[in-house]
Structure formats: C-alpha cells, structure tokens
Amino acid sequence: MKKLLMAAIGLMMAMSANAQYLNGSEPVFYQGKMMIGASASGLDLSYHKGQEWSLSLDAKAGYLIVDDWMITGKLGYNNTTYGHSSFNIGAGLRYYIEENGIYVGAGAKYAHSYGVDDILPEANVGYAFFLSRHITIEPEIYYELSTKCSDYSGLGLKVGFALYF
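On a predicted model such as this, the values are computed, not experimentally measured, just so you know.

Evaluated as defined, the whole model comprises 9 aromatic pairs. When the centroid spacing of 4.8 Å and the interplanar angle of 50° are considered together, the rings of Trp69 and Tyr95 count as tilted. Of this pair, Trp69 sits in strand E3 (residues 69-80) while Tyr95 is found in strand E4 (residues 85-96), placing the two residues 26 residues apart along the sequence. Using a relative accessible area of 36% as the deciding quantity, one classes Trp69 as partly exposed. An aromatic cluster of three or more residues is present, and its members are Phe29, Tyr96, Tyr103, Phe130 and Tyr164.

This part is about the confidence of the model for the chain. Chain-level pLDDT for the chain is 82 on average; 77% of the residues reach the 70-or-more range. Ranking the elements of the chain by mean pLDDT puts helix H1 (residues 2-14) last, at 52, and E4 first, at 95. Confidence drops under pLDDT 50 across residues 13-23; counting only partners more than four residues distant or on other chains, this segment forms 24 contacts.

Definitions and limits used
Residues numbered from 1 in each chain as written. Predicted model: local features only at pLDDT ≥ 70, side-chain atom pairs only at ≥ 80, totals over all residues. Heavy atoms only, no water. Phe/Tyr/Trp six-rings, centres within 6.5 Å; stacked < 30°, edge-to-face > 60°. Helix = DSSP H or I, 4+ residues; strand = E, 2+ residues; numbered from the N terminus. Buried < 20%, exposed > 50% of the residue type's maximum accessible area, 1.4 Å probe, protein only. pLDDT = per-residue confidence, 0-100. Contact = heavy atoms within 4.5 Å.

So, in structure tokens, the structure goes:
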C-alpha cells in the first residue's frame, strides 16, 4: 500500500500544472474530439484484499459530448495471483479541468470470471499529459467497489497512453 501511495504522489508531483493549450488559447478538450487508448494496472501498483498480485490491461475509447465532458467505454482483461482471469466491459464519464489537464471520472464495469459475475462501480482521478499534439500519457488513481465481495474492492494506479483526434 505504501508503494502505491508513494508512486501516485510521485507521479502527480512530477506532472507540471501548466495550461494544456496547444496553440495559444485553443482549448484541448472540445466537443466532438475522440480518444482511443490503452492502460495497465497491477504489478504491485494496486491493492485488493483478496489478492496479492494482479495485472490488468484495458482498451479505452471516448468521445467529448460537450466541452470538457467525455463519455468512455472500455474492454479489459485481469489476471490475479490465484490464476483467476476475468474479462470486463464498462462505461463511464470524465470531466477535464481545462487549465491543467487533470480529470475526474466515474463509471462501472461488468466483470466475468469462471463462475463469478460482478459489477464494479469505479471513481478515478488522473492527468492527461500531452507528449505531442495528439499523444498523452495518463496516470490515474482509481478505486473500484465490488458488489459481490469486499475482498475484490480495491485502490490502484493505472498508467496509460491515449491518442486524441
């Protein structure tokens, strides 16, 4: 848990609070813009009571329905310590703070594993750090709540890449 918190604090502090504008005063997160990306979590960057180790891989897509508000969808795969694999599908909503690239979001995913189906509501906060005009690195802290068993609820850090076009 200490590793997770230190990694999250370090990533957030390393990111500058510069305005996320590309050409003078042109906003980045405007209506009609789309995003596709992928992220990974686990490898000692997440904490779930019922598992010691996990690896999660997600593919994401999003669409800005109005300025600064994005709807998202994702498909994912999760593998845990005990060899239980699960596939998930989910949707969510993000709000971008235009001045600094920080976003807050909420969503839910349906996870299917052998013999177990679960709905996991999730809250997250992240940072869209632009490497170029269209490519971002997106570190994100999340909390997901299992509706089946509290051992599967957890806190974690995801790191992802995204293309905005």
